Number of protein chains: 2
Amino acid sequence: MAILFSNATVLPMTASGDEPRTFTGAVGIDGDRIALVTASETDAAAFRAAHPGLRVIDCRGKLLMPGLVNTHCHAAMTLQRSYADDISLMAWLHDYIWPFEAHQTPDDVALGMTLGIVEMLLGGVTSFVDMYYFENRCVEVAERLGIRALLGCNYFDTNIDEVLPQAEEAVRLAAAGSGRVRIAVAPHSPYTVSPENLVRGKELADKHGLHLMTHISETQDEVRIVREKYGRTSVEHLDRLGLLGPKTIGAHCVHVTDSDIATLAARGVTVSHNPQSNMKISSGVAPVEKLRAAGALVTIGTDGTCSNNDLDMFEELRTAAFLQKSATGDPVALPAYEALRLATANGARAMGCADGGLGVIREGALADVIVVDLQKPHLQPVHNVVSNVVYCGKASDVETVVVGGRIVVENRRIEGVDLPELYRGVAGAVARIKAAQ
Amino acid sequence: MAILFSNATVLPMTASGDEPRTFTGAVGIDGDRIALVTASETDAAAFRAAHPGLRVIDCRGKLLMPGLVNTHCHAAMTLQRSYADDISLMAWLHDYIWPFEAHQTPDDVALGMTLGIVEMLLGGVTSFVDMYYFENRCVEVAERLGIRALLGCNYFDTNIDEVLPQAEEAVRLAAAGSGRVRIAVAPHSPYTVSPENLVRGKELADKHGLHLMTHISETQDEVRIVREKYGRTSVEHLDRLGLLGPKTIGAHCVHVTDSDIATLAARGVTVSHNPQSNMKISSGVAPVEKLRAAGALVTIGTDGTCSNNDLDMFEELRTAAFLQKSATGDPVALPAYEALRLATANGARAMGCADGGLGVIREGALADVIVVDLQKPHLQPVHNVVSNVVYCGKASDVETVVVGGRIVVENRRIEGVDLPELYRGVAGAVARIKAAQ
């Protein structure tokens, strides 16, 4: 079905170059693509005439912009949201997270994934990159809910022989689907996976043309361990093993040297910056401005709901801007438009979509767009709509969400999900898992 | 009218000591006070029987907690929200803020104040401390909208002779009102107001028993200027002039020495910590954990919408927790409950309400409470309701707001305000002011 968003304030975003001007106009969608972007009422009328039965959504007083792209999360960990906060990392893992995960079934993970995707869609996230267990079970969840996803099958040395076959099964399942869901191989990190097993993952990724993702230089402890074991930084270690390339997504990249930064940029690695997680777990501050200056592809991720504790990309991209200004001492660092670019056009490149094919509003791009209601006290007046969205926009201001031309959220209602039933299911699973420990 | 909130998850908060357990129960309000806090259905039934015609609000699946207290803002600056971002401080002041303010009338300020209060009430802020011009004009606004306010009449050396008489007028206006609105004297800062004029403000405050508020050690530049002029830190300078005491609110306190911290604690000064503003303007990181350890009264403020850019206390208290964890390198720093205490019970003490009289849910306390809807994807499951509220709660989750026993927001609708008309008025004022420059 074709859709016409009329009378909208359109924020097109760009993959590179200057900030484009917003304009009042119409955006038409045909199939899974944006077919019209215009300020002309005549063009909009012609689009209507050419698409009988099209759906018209009046966006007067509303902003139409690309959907947000969350490039690192563990969406199914919604089951553990706020399960263990304000404690040290080791106590957190040993006493809470791992015992909980030991009792999770694939169905539990699918339930947690459902809750996570629902939260993201309602908050204007149209694409996400995930990294967790049982992603083969989650292909169906992402397909059903309509989000665009890159699902990374996470493994350690201890479970690689279970996970790699699951990844291959997931590849088959995804290939039979809409094309919106794709699979990636996700060794946990250079300090928890042996060089041999890192390479095994890379070989599987290459065999199927998949992305590879891993945590890179998240904490000082990681960097110390990798240096003690291999005599190199995490980036040097991964690069030497051939794991870094334009289909690699590195989460965090907090403790990276200038040389590491140059390597990440030269290899075309996607950096997923997760500022709220880095702050909450006291990991440090990623050198985003240095990475950007070096030409690295910087994007934004929320990380999991154990360390954030939500999947709110509006807060995340705002925190990214605030944190760079604070850490660099420069109030001009990571300005509003650039922060938003990290979370839209750059995130789309991380998902493997060439410039202009996603994360922007342009004719021919995939139709992943959101409508933000500007008629809220915290978004008035409108001196600068980009500043308002970046510094004041809330997940709850998102009214309508379209992914690949399909309306998945309208008037803040998510299609095909009974929320009270979902909450009951989640509560039941959580109670069972906690009782089993 | 009496109100009974039934079947609520109640988070009472405490002014000091350990975290109390939440419980399921009822809270009754009679007049402007909390008259019943109980887990007993029998007690709730007795309250109903004793108050014929009372309003019953069913809070099943919802959280009842104290309203948030914003201890530093410039609410009328909503008119300049996102007017000038991502530029240096001096360009910001000279090229944007001051020329804009030069053309603001008292009615413009009242309009900006209206928008700011509406935003705060909808976000669960029941009390705020303000600092701006024409506060005499704003007494009526705060009275009408029903929020609890401490309005600080801001002056520089250049306008003290206009502002102090306005402050006295504001005191008379407030005295004729409900008692919810009170006036304070607000010299801008120790670097922009002479010692003589700081003392004149203090004398006026003492004469009427008012609070005094000022910016303290916000930036390194301020500290340098004060040291060059007076050979002391800002705190030493203010203390020597007799300005520091339990009725003093100091905004920011970023660049304070250990000795300054001891002085702030010893004098009982309220510190208003404004983390998002400090980050966005690159002011530095306030030593909140040191201030708390020294026994200082730390509270949370949003600062104005030129430097935040909203008045969202949920985000602000969350950022406070994240920033302390990040800056101290300790993930246990400023845990969730303590962050929430800064924004409720501590803020209430800053407003001049003795322990237990405000900012907590206790029989006899002023009835400033909010209802938070927990049936949202980002607030499920509920392992720990405090963590969920602090790390995931949004202004938009606030459903109902009561100030002094009066329902001012219900089902996210604010009483007595036509929002579209307000936005049109604001847009008109802004257009006129910009055209006049």
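The structure presented is a predicted model; accordingly, all values stated were derived computationally and were not measured.

### Some thoughts on the overall build of chain A
In step 1: Looking only at helices and strands, chain A features 15 helices and 17 strands.
In step 2: Expressed as a percentage of its 437 residues, the buried residues of chain A come to 66%.
In step 3: When contacts within chain A are restricted to residue pairs at least 6 apart in sequence, those whose partners lie at least 24 apart make up 74%.
In step 4: With an accessible surface of roughly 14,300 Å², chain A has 51% of that area assigned to carbon and sulfur atoms.
In step 5: Averaging the locations of the 39 positively and 52 negatively charged side chains of chain A gives two centres separated by 2 Å.

### Side note on the relation of the copies chain A and chain B
In step 1: The operation relating chain A to chain B is a screw motion whose rotation component is 180 degrees, with 0.0 Å of axial translation and a residual RMSD of 0.0 Å. With respect to symmetry, the two chain copies, as superposed, fit the operation of a two-fold axis. Relative to the rotation axis, the C-alpha of S396 of chain A is the closest in chain A, positioned 3.3 Å from it.
In step 2: When the interface residues of chain A are mapped onto chain B, 100% of them are again interface residues, pointing to one common binding face.

### Examining the nonpolar core
In step 1: Membership of the largest hydrophobic core comes to 270 residues, with the highest contact counts inside it found for F5, L121 and F128 of chain A together with F5, L121 and F128 of chain B.
In step 2: Apart from residues lying up to four places away in sequence, L121 of chain B is in contact with L145, I147, V401, V403, V408, V409 and I414 of chain B.

### Digging into the pattern of salt bridges
Where side chains of opposite charge bring their charged atoms close, a pairing between them can arise.
Residue and element names in this part refer to chain A.
In step 1: Tallied over the entire structure, the rule returns 58 salt bridges over all chains.
In step 2: Where D85 meets K280, a salt bridge forms, and the shortest distance between an N and an O atom there is 2.5 Å. Taken together, the positions of D85 in the loop between β6 (68-73) and α2 (89-102) and K280 in helix α10 (residues 275-280) put the pair 195 residues apart, joining distant regions of the chain.
In step 3: Judged by its relative accessible area of 12%, D85 falls in the buried class.
In step 4: Owing to a relative accessible area of 6%, K280 belongs among the buried residues under this scheme.

### A closer look at the domain arrangement of chain A
All names here are of chain A.
In step 1: Along its sequence, chain A is carved into domain 1 (3-66 + 360-414) and domain 2 (68-350).
In step 2: Here the C-alpha centroids of domain 1 and domain 2 sit 28 Å apart.
In step 3: Contacts between the two partners involve 35 residues from domain 1, matched on the other side by 33 residues from domain 2.
In step 4: In total, about 2,600 Å² of surface goes out of reach between domain 1 and domain 2, with carbon and sulfur atoms giving 65% of it.
In step 5: Of all residues in domain 1, M13, V390 and Y391 give up the largest surface area on contact with domain 2, accounting jointly for 23% of the area buried on that side.

### What about helix α13 (residues 336-350) of chain B?
All names here are of chain B.
In step 1: Compared with the 21 Å implied by 1.5 Å per residue over 15 residues, the 20 Å span of α13 between its first and last C-alpha is a close match.
In step 2: A bend of about 40 degrees at L342 is the largest found in α13.
In step 3: Of the residues one or two after α13, G352 is the one with positive phi, at around 95 degrees.

### Notes on helix α5 (residues 160-175) of chain B
For an α-helix, 3.6 residues make a turn, and residues three or four places apart therefore share a direction.
In step 1: The end-to-end C-alpha distance of α5 of chain B, which contains 16 residues, comes to 22 Å, matching closely the 22 Å that a straight helix rising 1.5 Å per residue would cover.
In step 2: Along its buried surface, α5 of chain B packs onto α4 (135-145), β8 (148-155), β9 (181-187) and α6 (195-208) of chain B.

Analysis parameters
- Residues numbered from 1 in each chain as written.
- Chains lettered and ligands numbered in written order.
- Predicted model: local features only at pLDDT ≥ 70, side-chain atom pairs only at ≥ 80, totals over all residues.
- Heavy atoms only, no water.
- Helix = DSSP H or I, 4+ residues; strand = E, 2+ residues; numbered from the N terminus.
- Buried < 20%, exposed > 50% of the residue type's maximum accessible area, 1.4 Å probe, protein only.
- Contact = heavy atoms within 4.5 Å.
- Areas by Shrake-Rupley, 256 points an atom, 1.4 Å probe, with all protein chains shown as cover.
- Lys, Arg positive; Asp, Glu negative; His and termini not counted.
- Charge placed at Lys NZ, Arg CZ, Asp CG, Glu CD.
- Least-squares fit on C-alpha atoms with pLDDT ≥ 70 in both.
- Core = buried A, V, L, I, M, F, W, Y, C linked by side-chain atoms within 4.5 Å.
- Salt bridge = Lys/Arg side-chain N within 4 Å of Asp/Glu carboxyl O.
- Domains from an automatic or database assignment.
- Buried area = accessible area lost by both parts, 1.4 Å probe.
- Expected span 1.5 Å × (residues − 1).
- Bend = angle between axes of the 7 residues up to and from the residue.

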